[in-house]
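Survey of secondary and tertiary structure
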Amino acid sequence: MRKCEIRKEGKLLLEASVADNFFLRLRGLIGRDPKSFGPLWIVPCSDIHTFMMSDAIDVLYLDKDYKVVKIAPNLVPGKVFAPVKHARSVVELPVGSAAGLEIKENDQLEVIKNG
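To keep things clear, this report deals only with the structure shown in the data block. (Residues numbered from 1 in each chain as written. Predicted model: local features only at pLDDT ≥ 70, side-chain atom pairs only at ≥ 80, totals over all residues. Heavy atoms only, no water.)

Before going further, it helps to examine the side chain of Glu-5. Tracing the backbone through its elements, the reader meets Glu-5 in strand S1 (residues 3-8). Among the polar contacts made by the side chain of Glu-5, one reaches the side chain of Arg-7 at a distance of 2.9 Å. The residues contacting Glu-5, other than those within four sequence positions of it, are Leu-12, Leu-14, Glu-110, Val-111, Ile-112 and Asn-114. (Helix = DSSP H or I, 4+ residues; strand = E, 2+ residues; numbered from the N terminus. Polar contact = N/O pair within 3.5 Å; in protein donor to acceptor, adjacent residues only side chain to side chain. Contact = heavy atoms within 4.5 Å.)

Have a look at this one:
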């Protein structure tokens, strides 16, 4: 799976796997342990579900310019979450990760695709 770098003000925040086709978006983190798999950037995407996931996750919703439109911590397994207005992609993170990234809503991020 391809990777991308997510940066804020030039500082590397995290490296994420990229899910940018139908099958990768469909699979997402289903059946994977978010703690060992790591962050996943899903594009395009404005809403998510946590069916068949083993653990809660944190989610960053980004607009088309990679501005953070919503931060959703501790989304528990087995739920469907409503679409987020203006979201064009999401970053799924292991639960508890979002707080440690020092990201706030309206922060401008940069996504650099590798490969």
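All told, the structure shown has five salt bridges when counted by the stated rule. Of the charged contacts in the structure, one is a salt bridge between Asp-20 and Arg-2, with a shortest N-O distance of 2.0 Å. In this pair, Asp-20 sits in the loop between strand S2 (11-19) and helix H1 (22-27) while Arg-2 sits in the segment before S1, placing the two residues 18 residues apart along the sequence. Overall, Arg-2 belongs to the partly exposed group, its relative accessible area being 32%. Where salt bridges share partners, they join Lys-8, Lys-104 and Asp-107 into one cluster. (Salt bridge = Lys/Arg side-chain N within 4 Å of Asp/Glu carboxyl O. Buried < 20%, exposed > 50% of the residue type's maximum accessible area, 1.4 Å probe, protein only.)

This next bit is on the sheet that holds strand S7 (residues 110-114). Across the sheet, which stays open at both edges, the seven strands sit in the order S5-S4-S6-S3-S2-S1-S7 with mixed pairing between neighbours. Two strands lie at the open edges of the sheet, namely strand S5 (68-75) and S7, each paired on one side alone. Neighbour-to-neighbour, the strand axes of this sheet turn through a mean angle of 30°, independent of strand direction. (Pairing = 2+ DSSP bridges. Axes fitted to C-alpha atoms, helices over the stretch in contact; angles between N-to-C directions.)

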